Amino acid sequence: MKKAKFASALLAAVASLALVVVGMPMAFATAASYDTAGATRFVFSDSGIDATDGNYTGYKVKGTALTINEAGTYTVSGSCADGSITVKKGTTGVTLVLDGLTLTSADTAPIACNKSTEVTIVAADGSVNALADAAANNDDNYPDNENAENAVIKCKDGSKVTLGGTGTLTVTANGKNGIKSGVTTDTEGEAWMTIEDLTLTISAPVNDGINAEATLSVRSGQLTIDAADDAIHSDYTLNIGETGTTGPTIAINSCYEGLEAATLNVFSGDITIQATDDCLNAANSDLTDFEFTMNISGGSIHAYTTAGDGFDSNGDLTISGGTVVVWSANTADNQPLDADGTITISGGTVLAAGGSGGMGMNLNATQPYVIIGNTGMGGQPGQPGQSGEQPTPPSGQQPEQSGEQPTPPSGQQPSQSGEQPSQPGQGTQTNASVTAGSTIHIQDADGNTLYTGTAPCNASYFVFSSPELTSGSSYTLYAADTSVGSATAQTGTTSGQPGGQPGSGEQPPVKPDDGEQPPAKPDDTGSTGTTSSTSSSSTSTSGSTTGSTTGSTGSSDSSSTTASSSDSSTSSTGTTTTSEDADTAATDST
């Protein structure tokens with residue numbers, strides 16, 4: 001490795017460790033602390049920019065383009081069909097207050113924070129703001145456009161940017177990304193982005209809603225995102241919420257993948273996701289020899305994918321608190337929980353359901369769990385409702401061609417229905433069929449309901465873990481009032497084939513190229529909250545993934561939960577130079 005590259009990696013690793021220790025970036029200011037007394041004010045119009053000087057005069061106006069080159073507080077308002085705001089390279093201590101601004105740019109980013117800048121962007125209390133770009137703001141599709149920045153809000157390498165305030169901001173990305181944050185380098189310095197308090201709506205029909213190349217922290221606020229590719233992406237570390245807080249409310253209505261990062265941490269928040277591929281993904285194809293991790297220690301996640309894995313980690317996946325409800329409609333190789341390493345469940349309430357168990361998983365649970373339905377562990381997944389189909393025996397051997405069932409390990413004969421006797425932690429192997437729109441319940445032997453929810457798709461495979469389960473006790477899954485499977489709770493390990501490799505079954509949709517429209521969203525999309533799909537068709541449909549539990553929910557206040565998230569984050573860095581776009585626009589030198 002070259003010396004400069006090694007220095008960048010070391011710097012980014014130290015920065016990432018500091019972020020994990022304190023749970024948030026080392027911000028120079030918070031959006032909540034801004035003061036507009038003495039601010040310099042700008043009003044945009046299609047004909048130009050009117051400036052009223054306050055205490056700060058470090059700016060330049062050229063037509064409808066505003067450049068800020070000195071520290072200070074600057075407020076912007078008005079409406080302009082083709083304008084821009086740029087914070088010059090190396091400028092720090094800038095607070096940019098959006099106070100009723102509607103700004104569109106024809107060929108560049110409406111707001112650009114250039115290299116090594118430190119900027120707080122605030123939506124003023126009660127204000128309504130809108131930023132948009134045009135198709136030309138994409139240097140892949142318009143290579144002759146030297147002004148293209150590939151994002152509506154572009155924050156370049158070494159920039160430290162906080163987006164906040166109690167107003168609203170709508171971002172419409174007609175070029176490429178909604179918001180883009182740069183990389184940490186030894187030349188430009190540490191980069192990060194933090195989002196807090198803000199009510200933020202992003203429409204990104206071409207690529208990502210938010211794309212960061214270093215650390216991205218969404219601490220609080222309300223985010224609503226529709227994206228063609230990833231809704232929220234970081235090349236390295238993505239932190240959602242903070243331990244001990246309510247965290248953000250994030251509604252991802254449509255995307256290819258929902259939350260993606262090499263190290264993905266969910267500390268708190270209320271998150272709903274509808275995806276066509278993985279809802280949560282710990283991965284980065286540009287990184288080698290990296291310890292990918294997904295850590296969920298608090299918050300509430302309700303996620304549904306029409307074709308991919310629910311949660312997919314290229315390393316380990318750890319759930320130590322919070323509430324997780326995840327569904328996958330895929331009936332082949334994808335599954336609700338998938339990890340190339342170990343899936344650990346030590347706390348929280350988890351319901352993971354899908355069309356199949358995929359290729360199996362390596363599960364290590366210190367909290368009791370049950371698996372009901374076709375496990376997919378080493379065998380081929382069954383289809384819902386096909387009760388005559390036989391699972392692969394535990395030995396991996398196939399049944400004789402005579403059609404007789406293999407003798408179960410206990411020596412007991414299987415029932416005539418084609419079902420095998422339940423094993424600890426595993427229930428009915430072939431007939432746990434639930435159709436989309438069904439109300440499901442999980443009950444103990446005394447009839448106490450531990451979970452209630454609505455199925456957004458057909459499902460034949462269920463994993464349920466809760467602090468309310470007792471190891472050795474039996475639990476039953478109901479669809480409406482009909483029992484569809486039972487299992488005995490256990491702790492410990494369950495091993496099967498890793499689920500990360502594609503097989504010969506159904507494949508998720510092809511990831512959209514830049515400019516290509518995402519796969520069509522199902523008509524019955526459901527909604528967040530408690531509204532649920534009412535479809536009872538045997539065809540997989542979308543819908544809500546909401547559910548409720550009784551008793552303890554295993555919240556993130558357990559002292560053991562944060563440690564696993566923090567420890568696994570120390571290996572993340574932020575020095576990649578293989579970003580999705582070159583970001584070499586002319587404004588870099590300003």
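Student: Can you walk me through the environment of Val-206 in this structure?
Tutor: When you line up the elements, Val-206 lands in the loop between strand S16 (199-204) and strand S17 (210-212). Looking at Val-206, the relative accessible area reads 8%, which means it is buried.

Student: I would appreciate a short explanation of the pattern of salt bridges in the present structure.
Tutor: Where charged atoms from two side chains of opposite charge come close, those side chains can pair. Inspection of the entire model under this criterion finds six salt bridges. Note that Asp-140 is salt-bridged to Lys-176, the shortest N-O span being 2.8 Å. Placement of the pair is Asp-140 in the loop between strand S10 (128-132) and strand S11 (151-155) and Lys-176 in the loop between strand S13 (168-172) and strand S14 (177-181), with a sequence separation of 36 residues. Among the residues examined, Asp-140 registers a relative accessible area of 40% and is labelled partly exposed. Residue Lys-180 pairs with Glu-213 through a salt bridge whose shortest N-O separation is 3.6 Å. With Lys-180 in strand S14 and Glu-213 in the loop between S17 and strand S18 (215-218), the pair connects residues that are 33 residues apart, well separated along the chain. Like Lys-180, the residue Glu-213 is buried in the burial classification. Three or more residues joined by partner-sharing salt bridges are found here, namely Glu-149, Lys-154 and Lys-156.

Student: Looking at this structure, how should I read the environment of Ile-210?
Tutor: One can find Ile-210 in strand S17. Judged by relative accessible area, Ile-210 falls into the buried class, the value being 0%. Along the chain, Ile-210 and His-233 lie 23 residues apart, while their C-alpha atoms are 6.0 Å from each other. In contact with Ile-210, not counting residues within four places along its chain, are Ile-179, Ile-195, Ile-202, Leu-216, Leu-223, Ile-225, Ala-231, Ile-232 and His-233.

Student: Help me out: how do you make sense of the packing of aromatic side chains in this one?
Tutor: Any two aromatic rings considered together are summarised by their centre-to-centre distance and by the angle between their planes. Following the criterion strictly, the structure yields seven aromatic pairs and no others. For the ring pair Trp-327 and Phe-462, a centre distance of 6.1 Å and an interplane angle of 90 degrees mean the geometry is edge-to-face. Placement of the pair is Trp-327 in strand S30 (residues 316-328) and Phe-462 in strand S36 (residues 461-465), with a sequence separation of 135 residues. What links up through ring pairs into an aromatic cluster is the set Phe-42, Tyr-56, Tyr-59 and Tyr-74.

Student: Would you explain the sheet that holds strand S26 (residues 280-282) in this entry?
Tutor: Adjacent strands of a sheet form backbone hydrogen bonds with each other and so pair up, either parallel or antiparallel. Judged by pairing direction, the sheet is mixed, and its twelve strands sit side by side in the order S3-S4-S6-S8-S11-S14-S17-S20-S23-S26-S29-S31 without closing on themselves. Of all the strands in the sheet, just strand S3 (59-62) and strand S31 (337-339) have a single pairing partner and so form its edges. Neighbour-to-neighbour, the strand axes of this sheet turn through a mean angle of 10 degrees, independent of strand direction. Relative to strand S20 (residues 230-234), S17 runs parallel, the two sharing three bridges.

Student: Looking at this model, I keep getting lost on the nonpolar core. Mind explaining?
Tutor: Across soluble globular proteins, you tend to see nonpolar side chains buried next to one another. In this structure, Ile-153, Ile-232, Leu-259, Ile-273, Leu-280 and Phe-311 are the most contacted members of the largest nonpolar core, which totals 82 residues. For Ile-273, the contacting residues outside a window of four places in its chain are Ile-252, Cys-255, Gly-258, Leu-259, Cys-279, Leu-280, His-302, Ala-303 and Tyr-304. In terms of nonpolar packing, the next biggest core, distinct from the first, is built from 26 residues, Val-325, Trp-327, Ala-455 and Ala-479 among them.

Student: In this structure, what is going on with the environment of Thr-224? I would like to understand it.
Tutor: Along the chain, Thr-224 falls in strand S19 (residues 222-227). Classification of Thr-224 as partly exposed rests on a relative accessible area of 29%. Once the C-alpha coordinates of Thr-224 and Leu-200 are considered, the two residues, 24 residues apart in sequence, prove to be 6.4 Å apart. With near-sequence residues (within four places) excluded, Thr-224 lies in contact with Leu-200, Thr-201, Ile-202, Ala-251 and Asn-253.

Definitions and limits used
Residues numbered from 1 in each chain as written. Predicted model: local features only at pLDDT ≥ 70, side-chain atom pairs only at ≥ 80, totals over all residues. Heavy atoms only, no water. Helix = DSSP H or I, 4+ residues; strand = E, 2+ residues; numbered from the N terminus. Buried < 20%, exposed > 50% of the residue type's maximum accessible area, 1.4 Å probe, protein only. Salt bridge = Lys/Arg side-chain N within 4 Å of Asp/Glu carboxyl O. Contact = heavy atoms within 4.5 Å. Phe/Tyr/Trp six-rings, centres within 6.5 Å; stacked < 30°, edge-to-face > 60°. Pairing = 2+ DSSP bridges. Axes fitted to C-alpha atoms, helices over the stretch in contact; angles between N-to-C directions. Core = buried A, V, L, I, M, F, W, Y, C linked by side-chain atoms within 4.5 Å.

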